[in-house]
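Below are the chains, spelled out letter by letter.
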Amino acid sequence: MEALVWTSNHKLELCEWEEPTIAAPDEVKIRIEMTGVCGTDLAVITGKEEGGSRRYSRS
């Protein structure tokens, strides 16, 4: 499958990636038809903006 990857040389590259497998009965695999990357995403990746990671519970 194709994946948009942020590489170690600080570039976004479209790469071939191993397709994920379903490993448990409560997992699903979905097909993404369209997505986007906004300027803020790129600013966080490049360190120009502070970003945080949030974890959400499944409650």
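Keep in mind that what you see is a predicted model, and the values were worked out from it rather than measured. (Residues numbered from 1 in each chain as written. Predicted model: local features only at pLDDT ≥ 70, side-chain atom pairs only at ≥ 80, totals over all residues. Heavy atoms only, no water.)

Caption draft 1: Just the pairing of strand E2 (residues 12–16), in detail. Relative to E2, strand E1 (residues 2–6) runs antiparallel, the two being bridged by five bridges. Opposite Val5, over in E2, you have Glu13 as the bridge partner. Between E1 and the antiparallel strand that follows it, E2, lie five residues; His10 among them carries a positive phi value of about 60°. (Pairing = 2+ DSSP bridges. Helix = DSSP H or I, 4+ residues; strand = E, 2+ residues; numbered from the N terminus.)

Caption draft 2: Layout of the layout of surface pockets. Considered as a void within the structure, the largest pocket measures approximately 480 Å³ in volume. What lines the largest pocket is a set of 15 residues, and nearest its centre among them are Met1, Glu2, Ile30, Arg31 and Ile32. Partitioning the lining of the largest pocket into residue classes produces eight nonpolar, two polar and five charged. (1 Å grid on protein atoms, 1.4 Å probe; cavity = no way out; pocket = protein on both sides within 12 Å on 5 of 7 lines; lining within 4 Å. Points joined across faces, edges and corners; volume = space filled by probe spheres on them. Nonpolar A, V, L, I, M, F, W, Y, C, P; charged D, E, K, R; others polar.)

Caption draft 3: Structural view of a nonpolar patch on the surface. Nonpolar side chains collect at one region of the surface, where Leu4, Leu12, Leu14, Val37, Leu42 and Ile45 lie side by side and expose about 510 Å² of accessible area between them. Every element with two or more residues in the nonpolar patch is listed here: E2 and helix H1 (39–46). Structurally, Leu42 can be placed in helix H1. With relative accessibility at 31%, the residue Leu42 sits in the partly exposed group. (Patch = residues over 30% accessible without salt bridge, like charges linked within 9 Å, V, L, I, M, F, W, Y side chains within 5 Å. Areas by Shrake-Rupley, 256 points an atom, 1.4 Å probe, with all protein chains shown as cover. Salt bridge = Lys/Arg side-chain N within 4 Å of Asp/Glu carboxyl O. Buried < 20%, exposed > 50% of the residue type's maximum accessible area, 1.4 Å probe, protein only.)

Caption draft 4: Looking closely at the pattern of salt bridges. Counting across every chain of the model gives two salt bridges. Put simply, Lys29 and Glu19 hold a salt bridge, and the shortest N to O gap is 2.8 Å. Here the residue Lys29 occupies a position in the loop between E2 and H1, and Glu19 occupies one in the loop between E2 and H1, the gap between them amounting to 10 residues. Judged by relative accessible area, Lys29 falls into the partly exposed class, the value being 43%. A salt bridge links Glu33 to Arg31, with the nearest nitrogen and oxygen atoms 3.9 Å apart. Take Glu33 and Arg31: they sit in the same class, and that class is exposed.

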